[in-house]
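Chain residues, written in single-letter form:
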Amino acid sequence: MSAFSDYTEDKIIDVFLRSGSHTGSAPYVALFTADPTDDTTTALANEASYTNYARQAGTFTASSNGVTQNTAQIDFPSNGDGVSTTITHVGVFDASTSGNLLFH
């Protein structure tokens, strides 16, 4: 992943600098047809939307030296329209639909 979203950056500040708290949620991997940017609204607008598309739940290993990886292959359904869709970016949300972009 290359960038935290604005939402995640705000949560990091709240938790580490303002004695806030945050309860994590299950991560959902999403595909994008254009750069999602750090803004959730833009990310939602650029998320893939082909027939049969759905975010996929991910399970990740414990972090070690700032690195994690998915514990199993994450597969997305093929485009049911039979039309080519170019995927350019990947991101992680905190919900299976809508929700907050965490990073991309």
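It should be noted that the structure appears before, not after, this text.
Residues numbered from 1 in each chain as written. Predicted model: local features only at pLDDT ≥ 70, side-chain atom pairs only at ≥ 80, totals over all residues. Heavy atoms only, no water.

**Student:** When you look at the overall build of the protein in this model, what are you seeing that I'm missing?
**Tutor:** A tally of helices and strands in the protein yields two helices and four strands. The N-to-C order of helical and strand elements in the protein reads α-β-α-β-β-β. The principal-axis extents of the C-alpha atoms in the protein amount to approximately 50 × 30 × 20 Å. Taking all 104 residues of the protein together, the buried fraction comes to 24%. In the protein, the proportion of contacts linking residues at least 24 apart, taken out of those at least 6 apart, comes to 64%. Accessible surface, the protein as shown: approximately 6,500 Å² in total, 50% of it carbon and sulfur. (Helix = DSSP H or I, 4+ residues; strand = E, 2+ residues; numbered from the N terminus. Buried < 20%, exposed > 50% of the residue type's maximum accessible area, 1.4 Å probe, protein only. Contact = heavy atoms within 4.5 Å. Areas by Shrake-Rupley, 256 points an atom, 1.4 Å probe, with all protein chains shown as cover.)

**Student:** It is not clear to me how the environment of A57 should be interpreted in this structure. Could you clarify?
**Tutor:** You can see A57 is positioned in strand β2 (residues 56-57). Residues A57 and G99 lie 42 residues apart in sequence; the distance between their C-alpha atoms is 13 Å. Not counting the four nearest positions on each side in its chain, A57 is found in contact with P27 and Y28.

**Student:** I keep staring at helix α1 (residues 6-17) and nothing clicks. Help me out?
**Tutor:** Note that an α-helix has 3.6 residues per turn; residues three or four places apart therefore point the same way. Compared with the 16 Å implied by 1.5 Å per residue over 12 residues, the 16 Å span of α1 between its first and last C-alpha is a close match. Of the residues one or two after α1, S19 is the one with positive phi, at around 55 degrees. (Expected span 1.5 Å × (residues − 1).)

**Student:** What exactly am I supposed to notice about the packing of aromatic side chains here?
**Tutor:** Any two aromatic rings considered together are summarised by their centre-to-centre distance and by the angle between their planes. Taken as a whole and judged by the stated rule, the model has four aromatic pairs. On the basis of an interplanar angle of 0 degrees and a centroid distance of 6.1 Å, the ring pair of Y53 and F76 is categorised as stacked. Taken together, the residues Y53 in the loop between α2 (40-46) and β2 and F76 in the loop between β2 and β3 (89-93) connect sequence positions 23 residues apart. Of the aromatic side chains, those joined through ring pairs into one cluster are Y50, Y53 and F76. (Phe/Tyr/Trp six-rings, centres within 6.5 Å; stacked < 30°, edge-to-face > 60°.)

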